[in-house]
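Architecture and fold: a report
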Amino acid sequence: MALAGLGQAAALAEDEAAQPVEATGTPAKEAGPEAAEAPTAREKELLEQIRRLKAPRWRSFGACQYDWTTWRLSAKGVRTTTFRCGEPPITGNVAVFCPSLRISRQVADAQWESWRLPLSAGESAATGGEDQMVASLCANARPAPNAATEAPAQPGAVNKPKASPDPAKPATKPAAKPSATPKPAPQQAP
């Protein structure tokens, strides 16, 4: 019986000898996932970038696929990317305005469509699933700086034919302000 106790003591001594010892003479704790420090803000940013790089380029929603890696954000808060739907594929651009959850599409070189709510799979066999795409995009997108809260009045570019829809296009030019300096009255001859 005494030998069995010695065997356990020897096993414990071997375990302690195998562990690294800190300067204080106590065994050092092994670095595990729980012992690691929390990642810094920069590390979190880089990890998110790595996840985005690993993500598939095209994401499917209903009958359409959207190029998830090429989303662009305009100064007006409109997000645009390319899409392809059906077989043979119909390709074009899609614009999403997250504050109002509205979309506009441009097929090939045609004009941008009017802003509308996205279609579900039950509403359209050809482009259904837009609602899921908009929900996924807008739920995970960073807020747009100074984005308006209403849907744009008209999609389409101001001066460029293939530009993204402009959500805040003014309807008319402002009227010229009257001059603040009064004109001198005509002088009469003496």
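Residues numbered from 1 in each chain as written. Predicted model: local features only at pLDDT ≥ 70, side-chain atom pairs only at ≥ 80, totals over all residues. Heavy atoms only, no water.

Structural notes on the overall build of the chain
Counting its secondary structure elements, the chain contains three helices and six strands. Counting only residues that meet the buried cut, the chain has 24% of its 190 residues in that class. Considering only contacts in the chain between residues 6 or more positions apart, those separated by 24 or more positions represent 38%. (Helix = DSSP H or I, 4+ residues; strand = E, 2+ residues; numbered from the N terminus. Buried < 20%, exposed > 50% of the residue type's maximum accessible area, 1.4 Å probe, protein only. Contact = heavy atoms within 4.5 Å.)

Some words on the pattern of salt bridges
For side chains of opposite charge, pairing can occur when their charged atoms come near one another. Summed over the entire model, instances satisfying the criterion amount to five salt bridges. A salt bridge links Glu45 to Arg42; the shortest N-O distance between them is 3.1 Å. Of this pair, Glu45 and Arg42 are both found in helix H2 (residues 41–54), three residues apart, which corresponds to roughly one turn of the helix. Salt-bridge contacts for Glu113 lead to Arg116; the nearest nitrogen and oxygen are separated by 3.8 Å. Among the charged side chains, a network of salt bridges with common partners joins Glu113, Arg116 and Glu130. (Salt bridge = Lys/Arg side-chain N within 4 Å of Asp/Glu carboxyl O.)

What about the confidence of the model for the chain?
Residues with a pLDDT of 70 or more make up 57% of the chain, whose mean pLDDT is 73. Predicted confidence is poor over residues 5–24, with pLDDT under 50, and the contacts of this stretch with residues over four places away or in other chains come to nine contacts. Within the model, the stretch residues 157–162 combines pLDDT values under 50 with seven contacts to residues more than four positions away or in other chains. (pLDDT = per-residue confidence, 0-100.)

What about the packing of aromatic side chains?
With the rule as written, the count across this model stands at five aromatic pairs. Pairing Phe61 with Tyr66 gives two aromatic rings, centres 6.1 Å apart and planes at 55°, and the pair type is tilted. Tyr66 matches Phe61 in its accessibility class, with the two residues each being buried. Where Trp68 meets Trp71, the ring centres are 5.4 Å apart and the plane angle is 90°; that geometry is what we call edge-to-face. Here the aromatic residues Phe61, Tyr66, Trp68, Trp71 and Phe83 are joined through ring pairs into a cluster of three or more. Taking the ring centre of Trp68 as reference, the NZ or CZ of Arg59 above it sits at 4.5 Å. Arg84 extends its terminal NZ or CZ atom over the ring of Trp58, reaching a point 3.8 Å from the ring centre. (Phe/Tyr/Trp six-rings, centres within 6.5 Å; stacked < 30°, edge-to-face > 60°. Lys NZ or Arg CZ within 6 Å of the ring centre and 35° of its normal.)

Things to note about the nonpolar core
Tyr66, Trp68, Trp71, Val94, Val96, Met133 and Val134 are the most contacted members of the largest nonpolar core, which has 15 residues in total. The greatest single-element share of this core, amounting to four residues, is contributed by helix H3 (residues 130–140). The contact partners of Met133, leaving out residues within four places of it in the chain, are Phe61, Tyr66, Trp68, Trp71, Val94 and Val96. Counting five residues, the second largest nonpolar core, distinct from the first, contains Val78, Ala95, Phe97 and Trp112. (Core = buried A, V, L, I, M, F, W, Y, C linked by side-chain atoms within 4.5 Å.)

Side note on the pairing of strand S5 (residues 90–97)
Pairing between strand S4 (residues 79–85) and S5: seven bridges, direction antiparallel. Across the sheet, Thr82 pairs through a bridge with Asn93, a residue of S5. Once S4 ends, the chain turns through four residues before running back antiparallel as S5, passing Gly86 with a positive phi of about 75°. Here S5 folds back onto strand S6 (residues 102–107) in antiparallel fashion, the turn holding four residues, of which Leu101 has a positive phi close to 60°. (Pairing = 2+ DSSP bridges.)

Here we look at the pairing of S4
S4 sits mainly inside the fold: five of its seven residues count as buried. Of the pairings in the sheet, the one linking strand S2 (residues 64–67) to S4 comprises three bridges and is antiparallel in character. Residue pairing for S4: Gln65 is matched across the bridge by Arg84. Taken together, the two bridges between strand S3 (residues 72–73) and S4 define a ladder with antiparallel strand orientation. The partner of Arg72 across the bridge, within S4, is Thr80. With antiparallel pairing between neighbouring strands as the criterion, S3 and S4 make up a hairpin whose turn holds five residues, including Gly77 at a positive phi of roughly 95°.

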